[in-house]
Structure formats: structure tokens, C-alpha cells
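Remarks on the overall topology
Each chain is listed here by its residues.
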Amino acid sequence: MTERRIPYSEIFYSIQGEGRYCGAPTVWLRLFGCNLNCDGFMQDNLDDPASWRLDYKDIDLSGITSMGELPVFQRGCDSSYSWAKRFRHLAPKESAETIAENLRDLLPGRSFRHPTSAQDAHLAFTGGEPLMQQTAIMTILGALHVGGDAPNRITVETNGTRPLSKTFTAYLATMLEDSATEWFWSVSPKIRTSGEPWDKTIAPEIVGAYAQTSPHGQLKYVVDGDERTWDEVERATALYRAAGVRFPVFIMPVGGRVEDQQRLAADIAEQTIQRGYNLAPRVHCYLFGNALGT
Ligand code: SF4
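On a predicted model such as this, the values are computed, not experimentally measured, just so you know.

Reading the values: rules and limits
Residues numbered from 1 in each chain as written. Predicted model: local features only at pLDDT ≥ 70, side-chain atom pairs only at ≥ 80, totals over all residues. Heavy atoms only, no water. Near = heavy atom within 4 Å. Nonpolar A, V, L, I, M, F, W, Y, C, P; charged D, E, K, R; others polar. Core = buried A, V, L, I, M, F, W, Y, C linked by side-chain atoms within 4.5 Å. Buried < 20%, exposed > 50% of the residue type's maximum accessible area, 1.4 Å probe, protein only. Helix = DSSP H or I, 4+ residues; strand = E, 2+ residues; numbered from the N terminus. Contact = heavy atoms within 4.5 Å. Arc of directions from axis to C-beta. Phe/Tyr/Trp six-rings, centres within 6.5 Å; stacked < 30°, edge-to-face > 60°. Lys NZ or Arg CZ within 6 Å of the ring centre and 35° of its normal. Salt bridge = Lys/Arg side-chain N within 4 Å of Asp/Glu carboxyl O. Axes fitted to C-alpha atoms, helices over the stretch in contact; angles between N-to-C directions. Parallel < 35°, antiparallel > 145°, perpendicular 65-115°, else oblique. Left-handed = near helix turned anticlockwise from the far one by under 90°.

Describing the site of the ligand
The environment of the ligand is made up of Cys34, Leu36, Asn37, Cys38, Phe41, Cys77, Trp83, Gly128, Asn159 and Lys190. Its residues assigned to classes, the shell around the ligand comprises six nonpolar, three polar and one charged.

Description of the nonpolar core
Soluble globular proteins tend to pack their nonpolar side chains together in the buried interior. Core analysis: the biggest nonpolar cluster contains 79 residues, and Phe87, Phe125, Trp183, Trp185 and Tyr221 have the highest contact counts within it. The biggest single contributor to this core is helix α3 (residues 134-146), with seven residues. Ignoring sequence-local partners within four residues, the contact set of Tyr221 consists of Pro189, Ile191, Val233, Ala236, Thr237, Tyr240, Val249, Phe250, Ile251 and Met252.

Description of helix α4 (residues 166-176)
Taken residue by residue, α4 has Phe168, Leu172, Met175 and Leu176 as its buried positions. Down the axis of α4, the buried set is contained in an arc of 85°. They therefore lie on one face. Exposed side chains of α4 directed beyond 90 degrees from the buried face belong to Lys166, Thr167 and Thr174.

Things to note about the packing of aromatic side chains
By the definition in use, this model includes eight aromatic pairs. With a centroid separation of 5.9 Å and 20° between ring planes, the pair formed by Phe73 and Phe87 is classed as stacked. Note that Phe73 is positioned in the loop between α1 (55-58) and β3 (93-94) and Phe87 in the loop between α1 and β3, a separation of 14 residues in sequence. Residue class for Phe73 comes out buried when judged on its relative accessible area of 5%. Seen in terms of ring centroids, Trp185 and Tyr210 are 4.7 Å apart; in terms of plane orientation they differ by 20°. Their pairing is stacked. Linking Trp185 in strand β6 (residues 182-187) with Tyr210 in helix α6 (residues 204-213), this pair joins segments that are 25 residues apart in sequence. Among the aromatic residues, those joined into a ring-pair cluster are Phe168, Tyr171, Trp183, Trp185 and Tyr210. For the cation-ring pair, Arg235 lies above Trp198, with the distance from its terminal atom to the ring centre recorded as 4.2 Å.

Describing the pattern of salt bridges
By the definition in use, this model includes 20 salt bridges. The salt bridge partner of Arg113 is Asp149, with a shortest N-O separation of 3.0 Å. In this pair, Arg113 is assigned in the loop between α2 (96-106) and β4 (122-126) and Asp149 in the loop between α3 and β5 (153-158), connecting sequence segments 36 residues apart. Residue classification places Arg113 among the partly exposed residues on the basis of a relative accessible area of 27%. Where salt bridges share partners, they join Glu101, Arg104, Asp105, Arg110, Arg113, Asp120 and Asp149 into one cluster.

Considering the packing of α2 against α3
The geometry of α2 relative to α3 is characterised by a closest axis approach of 8 Å and an angle of 60° between their N-to-C directions. Taken together, the axes of α2 and α3 lie oblique to each other. Handedness of the α2/α3 crossing: right-handed. Two secondary-structure elements touch here, α2 through Ala96, Glu97, Ile99, Ala100, Leu103 and Arg104 and α3 through Thr139, Ile140, Ala143 and Leu144. Class assignment for the residues of the contact of α2 with α3 results in seven nonpolar, one polar and two charged.

By themselves these figures say nothing about function.
Below is the structure:
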């Protein structure tokens, strides 16, 4: 049987930059592929799709031989290198065993338990949309377990639109039963700031099924300060609550660059406090400029 090779766009060791575990040392696997486009982020006129400019569609790829040579795109999805078809040839494809070894190689002491601090490093699956590759996640975790030093803290960053397969649900039930592992659902529902239509992105029953597998998680919305955006945050959250999702809400100011974050952050922070949510500035943007590999 041919060994399945898993496409991804990057593997790196950094911090978690957003939300509940902000600042936690984290080894990242950014899987390739997404079911959305989110072309609306950071466009000058969100209400006029004809005016949107999309750098990821225009960039000249001649001479670019690896993902690391790509810039972070200012408009549209800032992770478009992790799903757009025109970048697919740049995506490494490796077996689960090789990816597990590559993840381990990045960790101090090659261990999810730090040799000095004895604290756990987190493992985060991101994308793209990592739940398009549920089998890959299982096989990579299986390969890490074979190595005898598996992560105790696992995050999946998802847009909340992909249903869990029966196999993946059963896998989680078995893995989390009587286990010290914390499975953390970091759900970022795409509201109007993404440019995607509500009916395509807000799927309360799907996220409700995530919450049944693990009570740990967060709902993380990208907000631009527009009153219509706040209305969508409130409407969507009410629907998730009705579907049994108790995850706390985090608000992220829109923008992938530090200047974008600073432009809006103070106003959005004030609104976030008044509305009773948690603020999630994108700390990696301030620290590292949101470069790839951070
Ligand atoms: S869901 Fe995430 S990765 Fe996919 S297009 Fe939207 S912002 Fe980008």
C-alpha cells in the first residue's frame, strides 16, 4: 500500500498568539486546504465585492520555490498560502511519521514536556481548515504516541463548518476517556468581516458536536468595530449557546499587521469590555509582524 502523504504549508515552534492560551509555547502544523476563501478581510469597502483586491491572486510566483518566500497578504485571508490552489505545488507532502518527527525536532529536548520548566508545550493543528484532514490528524497523533511522548494539550483551530466524521468522533472519545489530554476547540466562526455569507459559515449544530467531544474551547470572532459586525457576534453566539456550546467568546481586532491591529484595537477593546467578552489581540503580530513561521 502506498503511504499517504499529507500536504501542509508550514511547521514551526512559536507561541500561541490568540485567545485563551495566548503566550503558551506551541508547536504548529498548518495543514493545506480550506473550504472557504474569506476574501473580504481588510478590504476597503466590505459591501462592494467588485472593489476587493486580492494580493494572493496577483502575486508573481516565478522564482518562488518555497512557502517561506511568500509575504503575508494584507487583504483577504492572511493564510491564503495554506489553501489557494496556485500555492499547492509549494506545499510539502510528508508521511504522518515524518511530520511527527519534524514536530518533535522543533521542541526543546525533543519533548512535549520541557526539560527544564517541565511545562507542557501545546500542539496546534491549524490551516487552512484542518478538519478537512481528520484522518491525517489521527495518524499524526498516532505516530506521536508511538514515539512515547505525545502532547497533553492539543488545539484544533477551525472555522466551525466541517462536521466531525464518525471515526474522528469515536477516536476523540477513546483518546480523551480517562486521559490527562486536553483537547481544545478554537473555533473562529466567519462573520461579515470575512466576506463569506452567513449561511455558509454559521453552523451551530456542527460546533455543538465539537463541544460534545470536549468541553474545552473558545469562539473567536474577527471584528472591525462596525455595529453590524457586533450584531452578528451576538446573533451567532446565541445560536451556538442554543446548540450547547458554552465556550467563552474572544474578540479579535481585524488585521494581520501590527499597524492594522493598532488602528482599531483600542476602540474594539473598549467595546469588547462593555459587551462582556474577552479581548484577543493578535500578539504574534506585535512580536513578530505576523511573518510566516510565527
Ligand atoms: S477559514 Fe481561515 S484559512 Fe480558510 S479562508 Fe477563512 S480565514 Fe483563511
